[in-house]
Amino acid sequence: MGGVWTEPVVEIRGVDVVRGEAHLLRGVDWTVRPDERWVLLGPNGAGKTTLLQLASAQMHPTRGEVRILGETLGAVDVFELRPRIGLTSAALAQRINPSERVGDIVVSAGYAVVGRWRERYDVHDLTRAAVLMQQWGVARMAHRPFGTLSEGERKRTQIARALMTDPELLLLDEPGAGLDLGGREDLVTRLSDLARDRYAPAQVLVTHHVEEIPPAYTHALLLRGGEVVAAGPADEVLTAPLLSDAFGVPLEVQRERGRFSARRAA
Ligand SMILES: Nc1ncnc2c1ncn2[C@@H]1O[C@H](COP(=O)(O)OP(=O)(O)OP(=O)(O)O)[C@@H](O)[C@H]1O
């Protein structure tokens, strides 16, 4: 589907999200286009997950406008919109039954159930699931229960499932969390390959760590305290002054062969 849609896939204008006294997001503007791959970066509590919940039609703004894939939240049936969006998050992972098999988890995505094996899937579904499991390195364990997988294998199973419905927008909330160094590097490589695929959907990845940003990601949005510190092309946003501002720590930032690294300034 990616590449067919030429309008912005996400358009957020003047958005506030307020819960009681707390401003989870304040005055947020953000546009994602189909060929863009965004990283959302910011410290704990900055509002990253809240922004992803808006972009995945899981939450409505208190004020402002959210348009996703051309539809305005509040004026669209979110149950028709959500299948067009691939989402992975720790909250979704927790809803997967540990006894469900990897193959079932992936193939059942199109039916909006986690891991329930229907009487029949058509050949197209089964073929697509097999291809995705191959691409994400979980084909060998298609018959294994989810609960027996390593954290990296679980993350890759979830991404394969999120891609199963051929979404126009792919949202990944902290896919690198809990991975060891090898697992992280493997994921960064796979995500970078996906980012370079011109037929792949627009992608948004949430992380706390610049080391987890796949080299082919094009744009970055920095959040702090519910407000946007900066948003735009990755090289213009992932700078020492802006990252220091977002994280409230003086940082040195380097980029080598596409990969970012950051540490506290001397
Ligand atoms: N229902 C709520 N009522 C009040 N505050 C809330 C509510 N939900 C979330 N928050 C607060 O909003 C802030 C933003 O939360 P959010 O989960 O979006 O941040 P985040 O950037 O994803 O954080 P993390 O990196 O720790 O996952 C946090 O301080 C959180 O405690």
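Keep in mind that this is a model prediction, so the values were computed, not measured. (Residues numbered from 1 in each chain as written. Predicted model: local features only at pLDDT ≥ 70, side-chain atom pairs only at ≥ 80, totals over all residues.)

With respect to the overall build of the protein
The helix and strand tally for the protein stands at nine helices and 12 strands. For 266 residues, the compact-globule estimate of 2.2 N^0.38 gives 18 Å, and the protein sits close to it at 18 Å. A principal-axis box enclosing the C-alpha atoms of the protein has dimensions of 55 × 45 × 35 Å. A buried classification covers 40% of the 266 residues belonging to the protein. (Helix = DSSP H or I, 4+ residues; strand = E, 2+ residues; numbered from the N terminus. Rg over C-alpha atoms; globule rule 2.2 N^0.38 Å. Buried ≥ 20, exposed ≤ 12 C-beta atoms within 10 Å, placed from the backbone.)

Some details on the environment of S99
Of note, S99 is situated in the loop between α3 (90-94) and α4 (102-107). Since 10 C-beta atoms lie within 10 Å of it, S99 is described here as exposed. For the pair S99 and M59, spaced 40 residues apart in sequence, the C-alpha separation works out to 30 Å. Filtering out sequence-adjacent residues up to four positions away, S99 remains in contact with P145 and G147. (Contact = placed C-beta atoms within 7 Å.)

Points about the site of the ligand
By nearness alone, 13 residues border the ligand, and R19, N44, G45, T49 and T50 come closest of all. Sorting elements by how many residues they give to the shell around the ligand places helix α1 (residues 48-55) first, with three residues. Its residues assigned to classes, the shell around the ligand comprises three nonpolar, eight polar and two charged. (Near = placed C-beta within 6 Å. Nonpolar A, V, L, I, M, F, W, Y, C, P; charged D, E, K, R; others polar.)

Section: the environment of P167
With respect to the element layout, P167 can be found in the loop between α6 (151-164) and β7 (169-173). Of the residues examined, P167 has 24 C-beta atoms within 10 Å and is grouped as buried. Setting aside anything within four residues of it in sequence, one finds P167 in contact with R84, I85, G86, A162 and P201.

A closer look at the sheet that holds strand β8 (residues 202-207)
The six strands lie next to each other as β6-β7-β8-β3-β9-β10, forming an open sheet whose pairing is mixed. Edge positions in the sheet fall to β6 (85-88) and β10 (227-233), since each has one partner strand and no second. Averaged over all neighbouring strand pairs, the angle between strand axes comes to 15 degrees, with direction disregarded. Direction of pairing for strand β3 (residues 37-41) relative to β8: parallel, over a ladder of five bridges. Each residue of the ladder has a partner; that of V39, found in β8, is L205. (Pairing = 2+ DSSP bridges. Axes fitted to C-alpha atoms, helices over the stretch in contact; angles between N-to-C directions.)

Examining the confidence of the model for the protein
With 94% of its residues at a pLDDT of at least 70, the protein reaches an overall mean of 92. Listed scores for the predicted complex are pTM 0.92 and ipTM 0.95. (pLDDT = per-residue confidence, 0-100.)

Some words on the nonpolar core
Core analysis: the biggest nonpolar cluster contains 69 residues, and L40, V106, A160 and L171 have the highest contact counts within it. Those residues in contact with L171 that sit more than four places away from it in its chain are L52, A55, S56, I85, G86, L87 and V204. (Core = buried A, V, L, I, M, F, W, Y, C linked by C-beta atoms within 7 Å.)

Some points on the sheet that holds strand β1 (residues 10-19)
Strand order in the open sheet formed by four strands is β2-β1-β4-β5, with antiparallel pairing between adjacent strands. The outermost strands of the open sheet, each flanked by one partner alone, are β2 (22-32) and β5 (71-72). Inspection of the sheet shows β1 paired to strand β4 (residues 63-68) by five bridges, in the antiparallel sense. In the strand pairing of β4, R13 is matched with E65.

Concerning helix α7 (residues 181-196)
A rise of 1.5 Å per residue sets the reference length of α7, with its 16 residues, at 22 Å; its end C-alpha atoms lie 23 Å apart and thus fit the reference within 8%. Of the positions making up α7, those classed as buried are L187, V188, L191 and L194. The buried residues of α7 occupy one face: seen down the axis, they fall within an arc of 130 degrees. Opposite the packed face of α7, turned more than 90 degrees from it, sit the exposed residues L181, G182, T189 and R196. Those residues of α7 that are buried are in contact with α6 and β8. (Expected span 1.5 Å × (residues − 1). Arc of directions from axis to C-beta.)

Observations regarding the pairing of β6
Burial along β6 is two-sided: the residues I85 and L87 and G86 and T88 are all buried. Where β6 lies against β7, four bridges are found, and the strand directions are parallel. Bridging from a neighbouring strand, L87 pairs with L171 of β7.

Description of the environment of T72
If you trace the backbone, T72 turns up in strand β5. Of the residues examined, T72 has 11 C-beta atoms within 10 Å and is grouped as exposed. On a C-alpha basis, the gap between T72 and I96 in space is 30 Å, while along the polypeptide they are 24 residues apart. Residues contacting T72, with those up to four places away along its chain left out, are E65 and R67.

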